[in-house]
Amino acid sequence: QVQLAESGGGLVQPGGSLRLSCAASGNIFSIYVMAWYRQAPGKRRELVATITRGGSTDYADSVKGRFTISRDAGKNTVYLQMNSLKPEDTAVYSCYANIQIAAALGQRGYWGQGTQVTVSS
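As a starting point, this report considers the structure included with it. Not measured: the values here are computed from a predicted model. (Residues numbered from 1 in each chain as written. Predicted model: local features only at pLDDT ≥ 70, side-chain atom pairs only at ≥ 80, totals over all residues. Heavy atoms only, no water.)

## Re the side chain of Thr115
- Note that Thr115 resides in strand β11 (residues 115–119).
- Side-chain polar atoms of Thr115 contact the backbone nitrogen of Gly9, separated by 3.4 Å.
- Ignoring sequence-local partners within four residues, the contact set of Thr115 consists of Glu6, Gly9, Leu20, Ala91, Val92 and Tyr93. (Helix = DSSP H or I, 4+ residues; strand = E, 2+ residues; numbered from the N terminus. Polar contact = N/O pair within 3.5 Å; in protein donor to acceptor, adjacent residues only side chain to side chain. Contact = heavy atoms within 4.5 Å.)

Here it is as structure tokens:
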């Protein structure tokens with residue numbers, strides 16, 4: 001069994017910052033791409049940021065320059081540092097990871113349960 005557990009969401013004023021964490025646990029042989037998605041009420045799920053095992057990153061245009069994704073391989077954890085938050089960043093943020101649970105098996109995707117981020121004054 002593999003689980004992804006997010007933390008760090010909450011209520012923040014516009015212009016503020018939050019740091020999300022997502023820790024993978026269970027039978028893990030290797031973790032490949034890790035990512036953060038978000039979904040606001042009434043909207044489609046949006047890819048926010050990705051990071052490869054080698055550390056290459058990519059961001060949605062809407063968060064470039066404000067959000068930073070990083071990972072700690074030793075802790076099987078991915079982070080999302082969110083600065084200069086705007087009301088339109090309000091959404092449920094979910095982490096995603098491509099994980100291989102054994103050397104003889106291929107990788108598959110796993111999702112966290114999501115954490116609410118609300119940006120409001």
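Anyway, onward from the coordinates.
## A short note on the pattern of salt bridges
- Overall, the coordinates contain four salt bridges when judged by the stated rule.
- Across the pair Arg38 and Asp89 runs a salt bridge whose closest N-O atoms are separated by 2.9 Å. Separated by 51 residues along the polypeptide, Arg38 in strand β4 (residues 30–39) and Asp89 in the loop between β8 (77–82) and β9 (91–100) bring together distant segments of the chain. Neither residue differs from the other here; Arg38 and Asp89 are each classed as buried.
- With a closest N to O distance of 2.7 Å, Asp89 and Arg66 form a salt bridge. Highlighted residues: Asp89 in the loop between β8 and β9 and Arg66 in the loop between β6 (57–59) and β7 (67–72), separated in sequence by 23 residues.
- When its relative accessible area of 10% is taken as the criterion, Arg66 is described as buried.
- Each of Arg38, Glu46, Arg66 and Asp89 takes part in salt bridges that share partners, so that together they form one network. (Salt bridge = Lys/Arg side-chain N within 4 Å of Asp/Glu carboxyl O. Buried < 20%, exposed > 50% of the residue type's maximum accessible area, 1.4 Å probe, protein only.)

## What to know about the pairing of β4
- Most of β4 is tucked away, with seven of its ten residues classed as buried.
- Alignment of β4 against β9, held across eight bridges, turns out to be antiparallel. Looking across to β9, one finds that Tyr37 is bridged to Ser94.
- Pairing of β4 with strand β5 (residues 46–51), which is carried by five bridges, proceeds in the antiparallel orientation. Bridged to Met34 within β5 is Ile51. (Pairing = 2+ DSSP bridges.)

## Focus on unusual backbone geometry
- Backbone geometry at Asn76 places phi at a positive 50°, although glycine is not the residue there.
- Topologically, Asn76 is positioned in the loop between β7 and β8.
- For Ser84, which is not glycine, the phi dihedral falls at a positive 50°.
- Tracing the chain through its elements places Ser84 in the loop between β8 and β9.

## Description of the state of the cysteines
- Overall, the coordinates contain one disulfide when judged by the stated rule.
- Sulfur-sulfur distance for the disulfide between Cys22 and Cys95 comes to 1.9 Å. Here Cys22 and Cys95 share a disulfide; its torsion about the S-S bond, 45°, makes the bridge right-handed. In this pair, Cys22 is assigned in strand β3 (residues 18–26) and Cys95 in strand β9, connecting sequence segments 73 residues apart. We note that Cys22, like Cys95, is buried. (Disulfide = S-S within 2.5 Å.)

Honestly, that's just the spatial picture; any functional story needs more than this.
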